[in-house]
Amino acid sequence: MSAPAAWTRLAAPLILVAAALALRVWDFGNPGIHVDEQFYLLVGGRMWDGALPFVDIWDRKPIGLFLIYAIAAAFPGDGILAYQLMATAAAIGTAFVVHRAALAIGARQSGALLGGVAYLLWLPMLGGRGGQAPVFYNLLVAGAVLIVLGLPALAAARRERAIVLAGAAACFLAGLAIQVKYTAAVEGAFIGLATLWWLRRAGARPGTVAVASLVLAMAGLAPTLVALGWYAALGRSALDAFWFANFSSIFLRPPYPIEELAMRLLGIVAQLSPLIACALLGWRLRARPTPGPLALAYGWMIAAILGFAAIGTFFDHYALPLVAPLALLSAPTFGRRPRAAVGAMGLGLLLFLAERAFIADDAPGARETARLVRLNARGECPYVFIGDTITYHLSGTCLPTAYAFPNLLAYNTEQGATGIDEGAEVGRILAHRPPVIVTSTRALTIWNPQSLAAVKQAMRRDYRRVWTTPRSGWRTVLYLRKDLNFRR
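One structure accompanies this document, and this report is about it. As the structure is a computational prediction, the values presented were derived from the model and not from experiment. (Residues numbered from 1 in each chain as written. Predicted model: local features only at pLDDT ≥ 70, side-chain atom pairs only at ≥ 80, totals over all residues. Heavy atoms only, no water.)

**Description of a nonpolar patch on the surface**
Consideration 1: A cluster of nonpolar side chains, namely Met218, Leu221 and Leu225, defines an oily patch on the protein surface of about 280 Å² accessible area.
Consideration 2: Within the secondary structure layout, Leu225 lies in helix α10 (residues 206–234).
Consideration 3: Leu225 gets classed as partly exposed once you look at its relative accessible area, which sits at 41%. (Patch = residues over 30% accessible without salt bridge, like charges linked within 9 Å, V, L, I, M, F, W, Y side chains within 5 Å. Areas by Shrake-Rupley, 256 points an atom, 1.4 Å probe, with all protein chains shown as cover. Salt bridge = Lys/Arg side-chain N within 4 Å of Asp/Glu carboxyl O. Helix = DSSP H or I, 4+ residues; strand = E, 2+ residues; numbered from the N terminus. Buried < 20%, exposed > 50% of the residue type's maximum accessible area, 1.4 Å probe, protein only.)

As structure tokens, then:
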């Protein structure tokens, strides 16, 4: 291979690596990027101590996500940099898959490369600065879609067996993604249906299509069935806990106020609007009749939107699965309309820089909070009522409850959805008189009233405020039991 040819092949990966590092290096080592990933790392670390997700530490995310964080926790140190480097590697991998998929749908080299960069640029704007679940599972889903984009060519060659094998591989990747977050099931269903469509277009008989549908379904369900079988092998109580957390509890959550949901959705659409505009323009610029790979890419976008809408809470990081298909569908426009590329990428960079400018450096305060909690816990279990669960992880202290993610007990949006009486659980924790309570000055309208009243009464009666530190737009506050001396 000549030197220019080798450079051409290496240029895109190197540019994507450089872009990812430039956009994400600012957060390396920061323990407080997002409350979700703090909790995932806590669970992953405690799994090495024998804790069983859904039984000893409760949440409704799939086991695959906690296994990813358990890998990070196994590295030397506190696991924070490890999971962030793993997330960066996943982001780079997804960006490269977007680049390759863009070439498959007819984008020019320049447009395909900008599509990959766009993916990296929009991730942090929607809460993907660190290791949110879609940062990891987008790689699996994008890889599955890249496989599916090759099905039209296989159908034209009437290679039925190759279509089934490729579809099974794609469905298995989607199945792995489902065990990182269940909303990937919508994209997985699209991948399976697309495979069957092109199998029929290849001339397969209805019986062959029926058998193939079973093969694809089993490939997609296999990771979830393995998880289900493992918990079943642990006993009925473990299986019941797994089933409730993974499949039942989500339907018990009360809705958020409609006006709050509308504002969240409006913000997401505004942030994604440059990519949305380029994706729509790409549809107008398409060749006619629409090429099969391009139609599949737009089908992926529709499936991702349905998955995003399925939960309906519209937190910004729930929109992360939209970034990859939007970046992919923008790539043809980027290559054919330079002005649109400059406008979209320029606006994206401005949005990124504007958001970055308002991100406070809360890392020192988070680590100091954990240090003080460790000193003052005196071997007992502190209680983080509202705040960073990374406090438990960094302090190495025990957990006062299986419901350690603060929102579960503190917010009314979880009331009745955890399978317990949340207020009574808070009362039980306080009855054990934790040496330290971590809380916040954050003003909210969604407090669980029973939980909040119990904590306020305990703090007035038995605790005193000993330390505080800035955290985003509010402050983290430490309360120490009155019979204890404050250790610094």
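**Examining the side chain of His99**
Consideration 1: Locating His99 in the fold gives a position in helix α4 (residues 80–104).
Consideration 2: What makes His99 buried here is its relative accessible area of 4%.
Consideration 3: Once residues lying within four places of it in the same chain are set aside, the contact partners of His99 are Ala12, Leu16, Gln109, Ala112 and Leu113. (Contact = heavy atoms within 4.5 Å.)

**Regarding unusual backbone geometry**
Consideration 1: With an omega of 0°, the peptide bond running from Arg288 to Pro289 counts as cis.
Consideration 2: You can see Pro289 is positioned in the loop between α12 (258–284) and α13 (292–311).
Consideration 3: The backbone phi angle of Phe54 is positive, close to 80°, even though this residue is not glycine.
Consideration 4: In this structure, Phe54 sits in the loop between α2 (35–47) and α3 (63–73).
Consideration 5: Even without being glycine, Arg378 reaches a positive phi, approximately 55°.
Consideration 6: Here Arg378 lies in the loop between α16 (363–377) and β1 (383–384).

**Notes on the sheet that holds strand β2 (residues 436–440)**
Consideration 1: Taken together, the four strands give an open sheet; going across it, the order is β1-β2-β4-β3, and neighbouring strands pair in mixed fashion. One side of each edge strand has no neighbouring strand; the edge strands of this open sheet are β1 and β3 (463–471).
Consideration 2: By the bridge criterion, five bridges tie β2 to strand β4 (residues 474–481) in an arrangement that is antiparallel. In the sheet register, Ile437 faces β4, and the bridge partner there is Tyr479. (Pairing = 2+ DSSP bridges.)

**Describing the pairing of β4**
Consideration 1: Of all the eight residues making up β4, six are buried; the element is thus mostly covered by neighbouring parts of the structure.
Consideration 2: The sheet contact formed by β3 and β4 spans eight bridges and is antiparallel. Bridge pairing links Arg471 to Trp474 in β4.

**Overview of the packing of aromatic side chains**
Geometry of an aromatic ring pair is reported as the spacing of the ring centres plus the angle between the planes.
Consideration 1: Under the criterion given, the structure shown has 23 aromatic pairs.
Consideration 2: Ring centres 6.1 Å apart and planes at 65° place the aromatic pair Tyr40 and Phe66 in the edge-to-face group. One end of the pair, Tyr40, is in helix α2; the other, Phe66, is in helix α3, with 26 residues separating them in the sequence. Phe66 carries the same exposure label as Tyr40, and that label is buried.
Consideration 3: A cation sits over an aromatic face here: Arg264 above Phe315, 3.9 Å from the ring centre.
Consideration 4: The side chain of Arg442 reaches across the aromatic face of Trp474, ending 4.3 Å from its centre. (Phe/Tyr/Trp six-rings, centres within 6.5 Å; stacked < 30°, edge-to-face > 60°. Lys NZ or Arg CZ within 6 Å of the ring centre and 35° of its normal.)

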